[in-house]
Amino acid sequence: MLQDVLADPEWSALLTPVDRRGLTPLFWLHVRPYGEVRLDLSARLSIGTLGSLGGA
């Protein structure tokens with residue numbers, strides 16, 4: 001449906017670049033390039049100490 005509206009010359013002429021940028025999240029909302037990502041927010045990453053990172 002959205003493609004039909006954007007293909008219509010009358011609607012296309014009404015949309016400003018700001019309007020088009022506002023539509024971008026609608027196109028990309030369903031895209032997950034790496035599949036489903038599940039985060040365990042109750043766990044912390046073990047980063048280590050500064051000495052193990054090669055710092056001086």
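Residues numbered from 1 in each chain as written. Predicted model: local features only at pLDDT ≥ 70, side-chain atom pairs only at ≥ 80, totals over all residues. Heavy atoms only, no water.

(A) Summary view of the overall build of the protein. Looking only at helices and strands, the protein has three helices and zero strands in total. Listed N to C, the secondary structure of the protein is α-α-α in terms of helices and strands. Buried residues in the protein amount to 2% of all 56 residues. Within the structure as shown, the protein displays about 5800 Å² of accessible surface, and the carbon and sulfur contribution to it stands at 62%. (Helix = DSSP H or I, 4+ residues; strand = E, 2+ residues; numbered from the N terminus. Buried < 20%, exposed > 50% of the residue type's maximum accessible area, 1.4 Å probe, protein only. Areas by Shrake-Rupley, 256 points an atom, 1.4 Å probe, with all protein chains shown as cover.)

(B) Looking closely at a nonpolar patch on the surface. A surface patch of nonpolar side chains, about 480 Å² in accessible area, is lined by Leu-2, Leu-26, Phe-27, Trp-28 and Val-31. Here the nonpolar patch takes three residues from helix H3 (residues 17-28), the largest share from any one element. Looking at the element boundaries, Val-31 is found in the segment after H3. (Patch = residues over 30% accessible without salt bridge, like charges linked within 9 Å, V, L, I, M, F, W, Y side chains within 5 Å. Salt bridge = Lys/Arg side-chain N within 4 Å of Asp/Glu carboxyl O.)

(C) Inspection of the confidence of the model for the protein at higher detail. Per-residue pLDDT for the protein averages 78, and the proportion of residues at 70 or more is 86%. Considering each helix and strand of the protein separately, the mean pLDDT is smallest for helix H1 (residues 2-7), with a value of 80, and largest for helix H2 (residues 9-14), with 86. (pLDDT = per-residue confidence, 0-100.)

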